[in-house]
Amino acid sequence: MSEEFDVVVVGAGPAGENVAARVARGGLSVAVVEEGLAGGECSYWACIPSKALLRPVELTAEVGRVPGLTAGPVDTAAVLARRDELVAHLDDTGQVKWIEDLPARFVRGRGRLRGSGLVEVTAPGGAVLPLRARHAVVLATGSRPVIPPVPGLAEAAPWTSREATEARAVPGRLAVLGGGVVGCEMAQALHGLGAGETTLLVRGASPLGRMEPFAGELVAASLAAGGVTVRTGARVTRVERSAPGGAVTVHLAEGRPVEADELLVATGRRAATADLGLDTVGLSGTGPLEVDDGMRVLGAGGGRLYAVGDVNGRNLLTHMGKYQARVCGDVIVARARGGRDDLPAMRAAADGYGAPQVVFTDPQACAVGRTEEAARAAGFEVRAVEYDLGAVAGASLLAEGYRGRAKFVVDERRRVLLGATFVGQGVAELLHAATVAVTAEVTLERLWHAVPSFPTVGEVWLRLLEEYGL
Ligand SMILES: Cc1cc2nc3c(=O)[nH]c(=O)nc-3n(C[C@H](O)[C@H](O)[C@H](O)COP(=O)(O)OP(=O)(O)OC[C@H]3O[C@@H](n4cnc5c(N)ncnc54)[C@H](O)[C@@H]3O)c2cc1C
């Protein structure tokens, strides 16, 4: 016998949980299916533990930049213990209760589609429970790390972000493959917590290749100054591990091989679409699920299938998955009630032009909207201005020898911001103002009247507008 709900959500990460909350708020009944832990990757193996590991390392560096203060050595065991607290010791009782209180029915097991509006759940013990959805099935199954097809790499049993964030001990020698956000953050965190010999292997000319070039350059310089070896233009040809638990050697096309106790692979993620029964709704392929701005999966038979979060590949970020979830939930409620489903708040348009992202390294690197290169490629008439953050009074008070940079990308025709990037200590909190300016398309003339307080790092807003010519 199947159980019937208005909505069935598969995956209880941040995206799935938020769809459930939104449709429950709209008065619909909802079941949430989760094969692992309610809370998803973000709560246990991604955002939360990685930031718990980074914060003490950042704070130590901050203290060292104010004369008169001395940072003591980091107590790694205490940091790992706090990380364990913050991930609730991998116990999801609290999150399951949160879901049940929505109210929603929480079902532990693996969900698979069996045609339009039908999800079959295989419980851990093997029992199968069919769930029927009257209005919508939402896939929120997230993503999985990619292990590139390098000879010997998979056999060397490398760490992924999971093993790195849940580490019980820090390896003495660590090699990190991949100069994206996860590679930079984890290289810095684990180096600061005791991985004395850390090597970051970056394929391009600098890390963080999706941001403005100065972001990767400043983060690489800081990593190097802190003792991390950054090797750019690194192409891995072969990997070998001497014995299970033994040393791992990473061979490169150029230069000497890197030997380490652990190798962390951080080369990207793939949408978790395998074995989801997509063929039963007429979908083929293994890539991210393509959705419209209301989160409905394109090409799915029956028109009742939605996808939010990492699985749709739009923006692999918790806050963007939650944004999509709010949109998706409202669209489902509106359609279920026969109301309007095309209001502006029911379109995840900011996915395309206003997604903010923070890299929690020291210095922090954060950006919203388009880079200069992306804006030009999109055909905008662009002018970009940059400013040395170290020259802002508030920055010099924050830290001795503050190093940082900021950039505005301006649409010359409308005189609005298309993008903004800040790199420096404590800049993450500057980002939301930029997100508001980009998404609300505030003109530079209006921004001129948004006066930043003295002496804050935020005065860089004024300096950038002056650079522009206001
Ligand atoms: C190391 C690291 C650090 C990160 N830091 C940040 C950060 O600071 N800020 C930020 O915004 N983003 C960060 N991210 C990205 C963020 O973790 C993801 O964008 C976010 O977790 C995606 O949420 P989601 O709900 O789409 O998927 P997930 O969090 O992956 O959740 C998906 C859930 O679906 C379940 N599931 C999958 N298939 C099935 C199935 N068939 N049946 C039942 N259940 C299923 C899974 O078990 C999982 O619990 C980080 C990522 C990594 C790897």
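Residue positions are given per chain, counted from 1 along the sequence in the order it is written. Reporting in this predicted model follows two pLDDT cut-offs: at least 70 for local features of residues, and 80 or more for side-chain atom pairs to be given and counted; totals over whole chains, interfaces and linings ignore these cut-offs and use all residues. Hydrogens are left out, water is left out, and the side-chain values use all remaining heavy atoms of the structure.

## A few points about the nonpolar core
In this structure, Val 7, Val 30, Val 138, Leu 139, Leu 305 and Ile 332 are the most contacted members of the largest nonpolar core, which totals 61 residues. Only DSSP runs of H or I reaching four residues or more are called helices, and only runs of E reaching two or more are called strands; each is numbered from the N terminus. Per-element accounting of this core gives the leading share, nine residues, to helix 9 (residues 318-337). Note on terminology: a nonpolar core comprises buried Ala, Val, Leu, Ile, Met, Phe, Trp, Tyr and Cys residues joined through side-chain atoms within 4.5 Å. Summary of the burial criterion: residues with accessible area below 20% of their type's maximum are buried, those above 50% are exposed, and those between are partly exposed, where the area comes from a 1.4 Å probe applied to protein chains only. Membership of the second largest hydrophobic core comes to 33 residues, among which are Leu 53, Leu 80, Met 211 and Val 423.

## Structural notes on the sheet that holds strand 21 (residues 416-424)
In this analysis, strands are considered paired if DSSP registers two or more bridges between them. One open sheet accounts for five strands, arranged 17-18-21-20-19; its pairing is antiparallel. Looking at which strands have only one partner, the edges of the open sheet turn out to be strand 17 (356-359) and strand 19 (382-388). Sheet twist, expressed as the mean angle between neighbouring strand axes with direction ignored, is 10°. The pairing of strand 19 with strand 20 (residues 405-411) spans seven bridges and is classified as antiparallel. Paired with Tyr 387 across the strands is Ala 406, a residue of strand 20. Running at roughly 130° to strand 19, helix 15 (residues 460-468) makes contact with strand 19, strand 20 and strand 21 of the sheet. Axis definition: a line fit to C-alpha positions, over the contact stretch in the case of helices; interaxial angles, taken between N-to-C directions, run 0 to 180 degrees. Should any heavy atoms of two residues lie within 4.5 Å, those residues are counted as being in contact.

## A few points about helix 13 (residues 431-440)
Taken as a whole, helix 13 has its buried residues at Leu 431, Ala 434, Thr 435, Ala 437 and Val 438. Projected down its long axis, helix 13 carries its buried residues within an arc of 165°, all on one side. In the core, the buried residues of helix 13 are packed alongside helix 10 (350-353), strand 17, strand 18 (364-369), strand 21, helix 14 (444-447) and helix 15. Just past helix 13, the residue Glu 441 takes up positive phi, approximately 50°. This arc is taken over the directions from the axis of the helix to the C-beta atoms.

No statement about biological role is implied by the geometric values presented.
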